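Spelled out from the first residue to the last, the chains are:
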Amino acid sequence: FLRLNNKKERSPLYGQIELTYRCNLDCIHCYCKGLEDKNRELSTEEWKKILDEIQKEGCLSLCLTGGEPLIRDDFLEIYSYAKAKGFIITLFTNGYALSEKIVAHLAKSPPHSIEITLNSITQTTYESITQRKGSFSRVIENIKLLKEKKLRLILKTNCLKANKDELGRIKKWTEELLGK
């Protein structure tokens, strides 16, 4: 009989932190609307203290999310700090704010996975959901860039009235892209 003991009866093995409620899209299904006050966000140092505390408590795996976490000016600093603390990181993003700088950093110090919400594979439907002109082509390009850099990518979809007729095509496109 193997018994695993820790200092405490329970440890938080997995954590998820919302770095911001702000976003660069305005999706019709978003639950963060009305909460996007940058002045109420925690500072870089406050996030680092939280990361220190949850690591001390035994957290191993961490999801960085938002809103859109990549729009924070200090995202790479917080990400790098979490990686240096040894967290297994999952990144939830809409894929729009990925830049060459961010992708290069992630390629050098990869997260466990990057999860992007892809609610359509047609521009019209995608942009009717995100309410941002030009968002479809930019996100598709960024998805392909992540794939090219061999970063572990998970694509997911919300089932909405706006995309219900495309779910099969989204699945097929994703499986072809990711080789599944």
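Residues numbered from 1 in each chain as written. Predicted model: local features only at pLDDT ≥ 70, side-chain atom pairs only at ≥ 80, totals over all residues. Heavy atoms only, no water.

Focus: the nonpolar core
Next, step 1: Leu64 and Ile116 are the most contacted members of the largest nonpolar core, which has 38 residues in total.
Next, step 2: Not counting chain neighbours up to four residues away, the residues in contact with leucine 64 comprise Ile17, Leu19, Pro69, Phe75, Tyr79, Ile89, Thr90, Leu91 and Phe92. (Core = buried A, V, L, I, M, F, W, Y, C linked by side-chain atoms within 4.5 Å. Buried < 20%, exposed > 50% of the residue type's maximum accessible area, 1.4 Å probe, protein only. Contact = heavy atoms within 4.5 Å.)

Some thoughts on the pairing of strand β4 (residues 113-117)
Next, step 1: Judged by how many residues are buried, β4 sits mostly within the fold: four of five residues are covered.
Next, step 2: Across four bridges, the pairing between strand β3 (residues 88-93) and β4 is parallel. Each residue of the ladder has a partner; that of phenylalanine 92, found in β4, is glutamate 115.
Next, step 3: Assessed by its sense of winding, the connection that carries the chain from β3 through helix α3 (residues 100-108) to β4 is right-handed.
Next, step 4: Sheet analysis places β4 next to strand β5 (residues 153-156), joined by four bridges and oriented parallel. Bridging across to β5, isoleucine 114 finds its partner in leucine 153. (Helix = DSSP H or I, 4+ residues; strand = E, 2+ residues; numbered from the N terminus. Pairing = 2+ DSSP bridges. Right-handed = clockwise from strand over helix to strand, strands pointing away.)

Overview of the packing of helix α2 (residues 75-84) against α3
Next, step 1: With their axes 11 Å apart at the nearest point, α2 and α3 run at an angle of 5° to one another. Taken together, α2 and α3 sit at an angle that is classed as roughly parallel. Residue-level inspection shows Leu76, Tyr79 and Ser80 of α2 in contact with α3, the latter providing Lys101, Ile102, His105 and Leu106. (Axes fitted to C-alpha atoms, helices over the stretch in contact; angles between N-to-C directions. Parallel < 35°, antiparallel > 145°, perpendicular 65-115°, else oblique.)

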